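The primary structure of each chain is shown beneath.
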Amino acid sequence: MQRRCEVGASLLEHLRPFVGGIEPVTVQQPLNGGRVLDSLGRGTTGDGTCRTGWMPSRRRWPGGWLLSPFSQVTVNGRSAAGEGGGGALAWSALALLLGAWLMRRRMEMRAG
Amino acid sequence: MSARAAFAALCLLAAASVRADNVDIVVAARKQVGVTLHYDPAYRKLSFPGGDVPPDRGVCTDVIVRALRAARALDLQALVNADMKANWGAYPHSWRWRLSRPDPNIDHRRVPNLQKYFERAGWSRPVTRLAADYLPGDIVAWDLGRGILHIGIVGDVASDNGARLVLHNIGAGAREEDILFSYRIIGLYRPPSGPPAGLSPRPVATR
């Protein structure tokens, strides 16, 4: 069964013109093989599942793995943890920890 | 001696003990107005003892440190550092900044540390809302809200509302302003009146 998959405007879609290391994910298993989605990350699979989103490209940019936690893959409209989805949560937690540490350092280093 | 004369003598004695003569501290603080033009809380490595940041900048605590140095030769950098070394647990470092050892570059430039030192030196006075309870040269600490503390020196000039002006640096350099009751007062400290410059201050009691 062919099914059309639509991807809403995500942050990465807006970033994509500026970040060369990102490219659309494939729509077939495994994610790093098969047909690449179109420029908006839309595509179809033969088994009826929709896999959409963005994954880093190791091929186009060796540092693409840095962005892998940001990649977002949805299967039938739901975030697919383990396939890139959910990684943003880890990065958010890391950013929070870093922010808290910086705040503490700032407190330590200020007079008054 | 008549009872009336004895009572008068007692009143005079009591007044003398309460009314500290700390105008020299006010004069020393006022000399910073027009010199310290900026509020700069940045951490700086200071010489020790007697270390200071450039005179054109500083924070509220620097007004106190400089005034007591100039008027009384009291070096709060050295005094606070010595007391912290001997009584680390008495100071709020462990819970407030989670530091593990004294830092003479910044400890004396923090309001809670100065408050604790003054308290331990026996300078504390009851906090009131009466302008008459705040004498020239008194050191006042405020809570500005959201955990921000402030400290300044009571001047010898009264405002129209009767409260004395305060010498302080709250963000725009050293100034003399009518702020005594503008914020919640959390500490009133009265340095003992005038040991001549160069003498050692009263030692801080240890616990």
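Predicted, not measured: the structure shown is a model, and the values here were computed from it.

A. Highlighting the packing of helix α2 (residues 23-30) of chain B against helix α3 (residues 60-72) of chain B. Residue and element names in this part refer to chain B. α3 packs onto α2 with a crossing angle of 120° between their chain directions and a minimal axis gap of 8 Å. Classified by the interaxial angle, the pair formed by α2 and α3 is oblique. As for the relative orientation of α2 and α3, their crossing is right-handed in sense. Note on element contacts: α3 touches α2 through Val63, Ala67, Leu68, Ala70, Ala71 and Arg72, opposite Asp24, Ile25, Ala28 and Ala29. The residue makeup of the contact of α2 with α3, split by class, is 8 nonpolar, no polar and 2 charged.

B. Layout of the sheet that holds strand β4 (residues 139-145) of chain B. All names here are of chain B. Taken in spatial order, the 6 strands of this open sheet run β3-β8-β4-β5-β6-β7, and their pairing is antiparallel. Bordering the open sheet on either side are β3 (124-125) and β7 (175-177), each of which pairs with just one other strand. Where strand β5 (residues 148-158) and strand β6 (residues 164-168) come together, 3 bridges link them in antiparallel fashion. Bridge pairing in β6 places Ala158 opposite Arg164. Relative to the sheet, α2 contacts β5, β6 and β7, its axis offset from that of β5 by approximately 110°. Each of β3, β4, β5 and β8 (184-189) touches helix α6 (residues 111-120); the most contacted strand, β5, lies at about 60° to it.

Calculation rules
Residues numbered from 1 in each chain as written. Chains lettered and ligands numbered in written order. Predicted model: local features only at pLDDT ≥ 70, side-chain atom pairs only at ≥ 80, totals over all residues. Heavy atoms only, no water. Axes fitted to C-alpha atoms, helices over the stretch in contact; angles between N-to-C directions. Helix = DSSP H or I, 4+ residues; strand = E, 2+ residues; numbered from the N terminus. Parallel < 35°, antiparallel > 145°, perpendicular 65-115°, else oblique. Left-handed = near helix turned anticlockwise from the far one by under 90°. Contact = heavy atoms within 4.5 Å. Nonpolar A, V, L, I, M, F, W, Y, C, P; charged D, E, K, R; others polar. Pairing = 2+ DSSP bridges.

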